[in-house]
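The residues making up each chain are set out below.
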Amino acid sequence: MTATDSRPATRAAASDQPLRPPRVISFSQKLSKWDLKFSPYLYISPFFLMFAVVGLFPIAYTAVISFMDWDLVRNSGEFVGFDQYIWILTQPHFWTALRNTFSIFVLSSVPQLILAIFIAAVLDRNIRAKTFWRMAVLVPYVVAPVAVGLIFNAMFADKSGLINSWLEVIGISEIPWHVEPFWSHVAIATMVNYRWVGYNALILLAAMQAVNRDYYEAATVDGAGPIRQFFSITMPSLKPTLIFVIITSTIGGLQIFDEPRVFDQFGRGGAGQQWLTITLYLYDIGWGQWNFGRAAAMAWILFIIILGIGLINLLVTRTVVRDEGMRSELGKRQQKRAARAAKKQVKESQR
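It should be emphasised that the depicted structure is a prediction, and the values quoted were computed from it without experimental measurement.

Asker: What is the right way to look at a nonpolar patch on the surface in this model?
Answerer: Taken together, Trp-34, Phe-38, Tyr-41, Leu-42, Tyr-43, Ile-44, Phe-47, Phe-48, Phe-51, Leu-56 and Ile-59 make up a surface patch of nonpolar side chains, about 1,300 Å² in accessible area. As for its placement among the helices and strands, Leu-42 is situated in helix α2 (residues 27–65).

This is the structure:
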């Protein structure tokens, strides 16, 4: 009875206690919450503000000029609609430049990607003086494009070039690097690869070093060799980085300007437009013919081409490079082995 009677008394005593006042959040606490919530956006805002000023606005302004017969001196123009685009697409030089651009792009991007993956895989292994070799592969990237052009012009000269001198020694006839379109594309692609292979190799190396080493240990226990580990663990892990490298290489390859510009002393793409690219043709129309409306139209045509090729590369990369399925299977195997080992230890302790 006592316990029964004490329950209402306890409830009454609890009801007689004064209610706790609501907690008041100070201004400093609110400011701290706002800082945690909005500070990341403030940190990244300078990039987007700068991009809006020097990137987005020129792109929109170029789109407006592409529909006008623009006079840069008077800073005014007459609206002509799609006439500038039609004029560009009906020019034989445009299709020659487009063909040359794609030829140089393929000859540079494919070997560049293969060499970058190979160099990154070598640097990822335990070799001596790794820091030295990693710095060495980046040296060509910091060399000025003009210097690279002067060096390679001396190497690929038609009569007195170093490459042709070596070919004569082994009994091969001279190659007309500045006459034949294909060989001029090979020479320019070599210049591009010289500059960008090391840069892409370091990006891929950073991605390789981020792969969990437990996967390789599990694969070694399962009997997988280095080649099988590379294609089953390393390549699937590199998928996001490969997509980035391929897209950036596509953008840079289709916008190539420096290497063909400095390939000879004139910078016009050759006497017969052997290595004329879209950007060289755009430069000639804008600053050679002073027709900025047509140059803006060509810039937007190039933008659409790069966007389309980039999307195709993205789809192909997602299809060719397998996802992380092999890597997850290795992780599951490792977890099963760990579970079996734990059960074995429990049984031994019970004995």
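Asker: Whenever I open this one, the pattern of salt bridges confuses me. Can you help?
Answerer: As a working rule, side chains carrying opposite charge can pair if their charged atoms are close by. Scanning the model with the defined rule gives three salt bridges in all. Its salt-bridge partner being Arg-195, residue Glu-259 comes within 3.3 Å of it at the nearest N-O pair. Taken together, the positions of Glu-259 in helix α12 (residues 258–261) and Arg-195 in helix α8 (residues 181–209) put the pair 64 residues apart, joining distant regions of the chain. Each member of the pair, Glu-259 together with Arg-195, is buried. Across the pair Arg-268 and Asp-284 runs a salt bridge whose closest N-O atoms are separated by 3.1 Å. With Arg-268 in the loop between α12 and α13 (278–288) and Asp-284 in helix α13, this residue pair connects regions lying 16 residues apart in the sequence.

Asker: Quick question: what am I supposed to make of the packing of helix α9 (residues 213–221) against helix α10 (residues 226–237) here?
Answerer: Geometrically, a packed helix pair is captured by the angle between its two axes and the distance between the axes. Packing of α9 against α10 leaves a shortest axis separation of 11 Å and a crossing angle of 145°. Crossing handedness for the pair α9 and α10: right-handed. Mapping the contact onto sequence places Tyr-215, Tyr-216, Ala-219 and Thr-220 in α9 and Gln-229, Ile-233 and Thr-234 in α10. For the contact of α9 with α10, the per-class residue count stands at four nonpolar, three polar and no charged.

Asker: Mind showing me how you'd approach the nonpolar core here?
Answerer: Soluble, globular proteins show a tendency: their nonpolar side chains are buried together. Ranked by size, the top nonpolar core spans 20 residues in total, and within it Phe-94, Ile-278, Tyr-281, Met-298 and Ile-305 carry the most contacts. Of all the secondary-structure elements, those providing two or more residues to this core are α3 (83–89), α4 (92–123), α13 and α14 (292–320). Per-element tally for this core: the top contributor is α14, with eight residues. With residues up to four places along the chain from it excluded, the contact list for Tyr-281 reads Trp-87, Gln-91, His-93, Phe-94, Ala-97, Leu-276 and Met-298.

Asker: Whenever I open this one, the packing of helix α5 (residues 130–142) against α8 confuses me. Can you help?
Answerer: Two elements in contact, α5 and α8, have axes separated by 6 Å at closest approach and are oriented at 140°. Considered as vectors, α5 and α8 are oriented oblique to each other. Of the two elements, α5 crosses α8, and the hand of that crossing is left-handed. Contacts between α5 and α8 involve Arg-134, Val-137, Leu-138, Pro-140 and Tyr-141 from the first element and Tyr-194, Arg-195, Trp-196, Gly-198, Tyr-199, Leu-202, Leu-205 and Gln-209 from the second.

Asker: Help me out: how do you make sense of the side chain of Thr-277 in this one?
Answerer: The topology assignment puts Thr-277 in the loop between α12 and α13. Residue class for Thr-277 comes out buried when judged on its relative accessible area of 1%. Reaching out from Thr-277, the side chain makes a polar contact with the backbone oxygen of Ile-256 at a distance of 3.4 Å. At 3.3 Å, the side chain of Thr-277 forms a polar contact with the side chain of Thr-279.

Cut-offs applied
- Residues numbered from 1 in each chain as written.
- Predicted model: local features only at pLDDT ≥ 70, side-chain atom pairs only at ≥ 80, totals over all residues.
- Heavy atoms only, no water.
- Patch = residues over 30% accessible without salt bridge, like charges linked within 9 Å, V, L, I, M, F, W, Y side chains within 5 Å.
- Areas by Shrake-Rupley, 256 points an atom, 1.4 Å probe, with all protein chains shown as cover.
- Salt bridge = Lys/Arg side-chain N within 4 Å of Asp/Glu carboxyl O.
- Helix = DSSP H or I, 4+ residues; strand = E, 2+ residues; numbered from the N terminus.
- Buried < 20%, exposed > 50% of the residue type's maximum accessible area, 1.4 Å probe, protein only.
- Axes fitted to C-alpha atoms, helices over the stretch in contact; angles between N-to-C directions.
- Left-handed = near helix turned anticlockwise from the far one by under 90°.
- Contact = heavy atoms within 4.5 Å.
- Nonpolar A, V, L, I, M, F, W, Y, C, P; charged D, E, K, R; others polar.
- Core = buried A, V, L, I, M, F, W, Y, C linked by side-chain atoms within 4.5 Å.
- Parallel < 35°, antiparallel > 145°, perpendicular 65-115°, else oblique.
- Polar contact = N/O pair within 3.5 Å; in protein donor to acceptor, adjacent residues only side chain to side chain.

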